[in-house]
Amino acid sequence: GDFLMTDLGSSNGTYLKIDERHTLKKNDLFMIGNTNLFRVNYATAPSGKCEDPLLSTQALGGVLKGQSIKNFTRADDSQKRECIRKKLVLGRKKTNCYINDPTLSSSHCQIDFIEKRKSWTIRDLDSHNGTWVGLADFPALKESKPSKAHRLNVDNVIKIDKLKFKVAAC
């Protein structure tokens, strides 16, 4: 049978290691390395008001805590945003988004806008410590509310605080 998992309202969250592209939506949580936790402030597709896809995240933990990662700049004299890239590679070296953290791989993960899907996605780049997505979104985590149920597959890895569990067939 199928197995489903729900975060029951934990204060630190429950995370699932991703092995393929995962779509990012507003208020999603993702973690890279051991402590770098991010909240997606917004992830938009081009619309009538804006010609470029925009992404903004806020670091909730780790070496960048309190800072944001985004794919655009804002001109000083106006509120107009200028898209600077549709692909962000996060990691310790050789990336367009350098993070000085020894728990990250050189090129740890990639966040990019997929035109066909009209959405932002995140994927792991075979990193050593993995890329993780939260079962609960930020409002649910903040209010200690249960997450939606997520289907588990054999070989999925789940992270709860510092503990990791691998789903195995019996």
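Residues numbered from 1 in each chain as written. Predicted model: local features only at pLDDT ≥ 70, side-chain atom pairs only at ≥ 80, totals over all residues. Heavy atoms only, no water.

Peer 1: Explain the sheet that holds strand β7 (residues 68–70) here, please?
Peer 2: Two strands in a sheet stick together by hydrogen bonds in their backbones, pointing the same way (parallel) or opposite ways (antiparallel). Taking strand neighbours across the sheet as the criterion, the eight strands line up as β7-β6-β5-β4-β14-β2-β16-β17 in an open arrangement whose pairing is antiparallel. Sheet topology places β7 and β17 (163–166) at the edges, where each strand pairs with a single neighbour. Taking each pair of neighbouring strands and ignoring which way they run, the sheet shows an average axis angle of 30°. As paired elements, strand β4 (residues 29–32) and strand β5 (residues 36–44) share four bridges and run antiparallel to each other. (Pairing = 2+ DSSP bridges. Helix = DSSP H or I, 4+ residues; strand = E, 2+ residues; numbered from the N terminus. Axes fitted to C-alpha atoms, helices over the stretch in contact; angles between N-to-C directions.)

Peer 1: Looking at this structure, I do not really get the layout of surface pockets. What am I missing?
Peer 2: Gaps left between atoms are located by rolling a probe of water-molecule size over the structure's atoms. One number sums up the size of the largest pocket: a volume of about 670 Å³. Taken together, 25 residues line the largest pocket, and the ones lying closest to its centre are H22, K25, V133, G134 and H150. Contributions of two or more residues to the lining of the largest pocket are made by β2 (14–17), β3 (22–24), β14 (131–134) and β15 (150–152). Class assignment for the residues of the lining of the largest pocket results in eight nonpolar, seven polar and 10 charged. (1 Å grid on protein atoms, 1.4 Å probe; cavity = no way out; pocket = protein on both sides within 12 Å on 5 of 7 lines; lining within 4 Å. Points joined across faces, edges and corners; volume = space filled by probe spheres on them. Nonpolar A, V, L, I, M, F, W, Y, C, P; charged D, E, K, R; others polar.)

Peer 1: Looking at this model, I keep getting lost on the sheet that holds strand β12 (residues 109–114). Mind explaining?
Peer 2: Taken together, the five strands give an open sheet; going across it, the order is β3-β13-β12-β10-β11, and neighbouring strands pair in mixed fashion. Two strands close off the open sheet at either side, each with one partner strand: β3 and β11 (97–98). In this sheet, strand β13 (residues 119–124) lies alongside β12 in antiparallel orientation, the contact comprising six bridges. Bridging across to β13, Q110 finds its partner in R123.

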